[in-house]
Amino acid sequence: MKSRSTLSVLALVALLPVGAGRADEPAALYADLCAACHGQGTAPLSGSPYPALFGNPQVAAAGPVYVALKALHGTGNMYPLCALASDAEIAAIANHLAAANGNQSPPLAPEAIAALRPAAGDCPILH
Ligand code: HEC
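Student: Pulling in residues and values, what's your account of the confidence of the model for the protein chain?
Tutor: Averaged over the protein chain, the pLDDT score is 88; the fraction of residues at 70 or greater is 83%. Confidence, read as mean pLDDT per element, is least for helix 1 (residues 2–15) in the protein chain (51) and greatest for helix 4 (residues 57–73) (98). In this model residues 10–20 is a low-confidence stretch, pLDDT under 50, and it forms four contacts with partners more than four residues away in sequence or in other chains.

Here is the structure:
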């Protein structure tokens, strides 16, 4: 009996989506979800047309709501990342980037993210 319930717990853990529950690790989330295109520094990746998100004047001026909207809806050549991160994770990334750029807005609460999400039909699941 005991070993069966242990197995069930293991099975449940294995079913959690990648990236679940990592709102306390915003730098790691950024590395996984954003850095491939945006890089980790204040200059764009070599040869990349995509903007750096550190030392970014738009993020500095517009703050966490701006970052969350871009992440959830995509923009230009950036696809929407709404299906890849939870509300808490989007808030964590947005607050992390806003703070790193010196934006003074209060941090976004995870509860504020749901209202910013696109309709389910406009949120593609990427493979
Ligand atoms: C597949 C590549 C790709 C990924 C992954 C990606 N982005 Fe982007 N992002 C872009 C591109 C391209 C643009 C510029 C869009 C344009 O103007 O054409 C952009 C623009 C932005 C902007 C606007 C920057 C500005 O100067 O106004 C923000 C904010 C942003 N992305 C946030 C994020 C966050 C946060 C993540 C991770 C959760 C992320 N992006 C992941 C490609 C990507």
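So much for the structure itself; the text now carries on.
Student: Before we move on, can you summarise the site of the ligand with the specific residues and values?
Tutor: If you check the shell around the ligand, you find 20 residues, and the closest are Cys34, Cys37, His38, Tyr66 and Met78. Asn56 has a polar side-chain atom sitting 3.0 Å from an oxygen atom of the ligand. One of the side-chain N or O atoms of Tyr66 is found 2.4 Å from an oxygen atom in the ligand. Per-element accounting of the shell around the ligand gives the leading share, four residues, to helix 4. The class makeup of the residues in the shell around the ligand is 13 nonpolar, six polar and one charged.

The rules behind each value
- Residues numbered from 1 in each chain as written.
- Predicted model: local features only at pLDDT ≥ 70, side-chain atom pairs only at ≥ 80, totals over all residues.
- Heavy atoms only, no water.
- pLDDT = per-residue confidence, 0-100.
- Helix = DSSP H or I, 4+ residues; strand = E, 2+ residues; numbered from the N terminus.
- Contact = heavy atoms within 4.5 Å.
- Near = heavy atom within 4 Å.
- Polar contact = N/O pair within 3.5 Å; in protein donor to acceptor, adjacent residues only side chain to side chain.
- Nonpolar A, V, L, I, M, F, W, Y, C, P; charged D, E, K, R; others polar.

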